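Structure assessment
Each chain, letter by letter, is given below.
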Amino acid sequence: MGSEPGHDAGKAAPPPAEVGALMRQAMAFHRAGMLAEAVSAAEIPARATDDYIRNLFAPFASAFDGVLAKLNYRVPGLLAALRARFPTDRPLDVADAGCGTGLCAPALRPLARRLVGVDLSPEMLEKARARGLYDALGRPS
Ligand SMILES: C[S@@+](CC[C@H](N)C(=O)[O-])C[C@H]1O[C@@H](n2cnc3c(N)ncnc32)[C@H](O)[C@@H]1O
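Overview of the structure. (Residues numbered from 1 in each chain as written. Predicted model: local features only at pLDDT ≥ 70, side-chain atom pairs only at ≥ 80, totals over all residues.)

1. Description of the sheet that holds strand β3 (residues 136-138)
Pairing within the open sheet is parallel, and its three strands lie in the order β1-β2-β3. Where the open sheet ends on each side, the last strands, each with one partner, are β1 (92-97) and β3. Averaged over all adjacent pairs, the angle separating strand axes in this sheet is 15°, with direction ignored. Relative to strand β2 (residues 112-118), β1 runs parallel, the two being bridged by six bridges. Pairing of Ala97 across the sheet is with Val118, part of β2. (Pairing = 2+ DSSP bridges. Helix = DSSP H or I, 4+ residues; strand = E, 2+ residues; numbered from the N terminus. Axes fitted to C-alpha atoms, helices over the stretch in contact; angles between N-to-C directions.)

So, in structure tokens, the structure goes:
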């Protein structure tokens, strides 16, 4: 664990003020809508629409990895730590649903005979493709 930048489990969490600033930066990518509905009397939809997801992540894709590293995002590192529990001969077909920029791909690739990434956002998929770790990438049909 800890081979991916920003995913060192031993790293101290950033101070609350910095987390707050980063969260505000992330929220600035929101094009309102869902949040406005959540705090208003309007009926809250069961899930975010596909358009909302695409609009949210399109401008976020280029900054995503840097923001998550600063937030000490630990999922890729935790996944890598689980590797020891799986057979080493890569028998798994793995679907990375909502793969984003592919931050989890380095942890999943060693486990996978076939690694497929799916995401609604073309911009996030482009970043994931650049890693060169997936056998296939695409949008959900
Ligand atoms: C917070 S990011 C996480 C990305 C990645 N799993 C990671 O750990 O870094 C969530 C991703 O899920 C995608 N997503 C959200 N809802 C989705 C859906 N219904 N179908 C496909 N992708 C979706 C978004 O476009 C975004 O790239």
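Further notes follow.
2. Remarks on the site of the ligand
Around the ligand sit 14 residues, and of these Gly98, Gly100, Leu103, Ser121 and Met124 come closest. Of the residues that constitute the shell around the ligand, the class distribution is ten nonpolar, three polar and one charged. (Near = placed C-beta within 6 Å. Nonpolar A, V, L, I, M, F, W, Y, C, P; charged D, E, K, R; others polar.)

3. Details of the environment of Asp119
Considering the arrangement of structural elements, one finds Asp119 in the loop between β2 and α7 (122-131). Once the C-alpha coordinates of Asp119 and Gly102 are considered, the two residues, 17 residues apart in sequence, prove to be 9.9 Å apart. Beyond its immediate sequence surroundings of up to four residues, Asp119 is in contact with Gly98, Cys99, Gly100, Met124, Leu125, Ala128 and Arg139. (Contact = placed C-beta atoms within 7 Å.)

4. Side note on the nonpolar core
Within the largest apolar cluster, 19 residues are counted, with the highest numbers of intra-cluster contacts made by Ala105, Leu108 and Ala128. Looking at this core, the elements with two or more residues in it are α4 (61-70), α6 (105-108), β2 and α7. Those residues in contact with Leu108, other than ones at most four positions away along the chain, are Leu79, Val94, Asp96 and Leu115. (Core = buried A, V, L, I, M, F, W, Y, C linked by C-beta atoms within 7 Å. Buried ≥ 20, exposed ≤ 12 C-beta atoms within 10 Å, placed from the backbone.)

5. Description of the environment of Asn72
As for its placement among the helices and strands, Asn72 is situated in the loop between α4 and α5 (75-82). Between the C-alpha atoms of Asn72 and Pro14, which are 58 residues apart in sequence, the distance is 7.6 Å.

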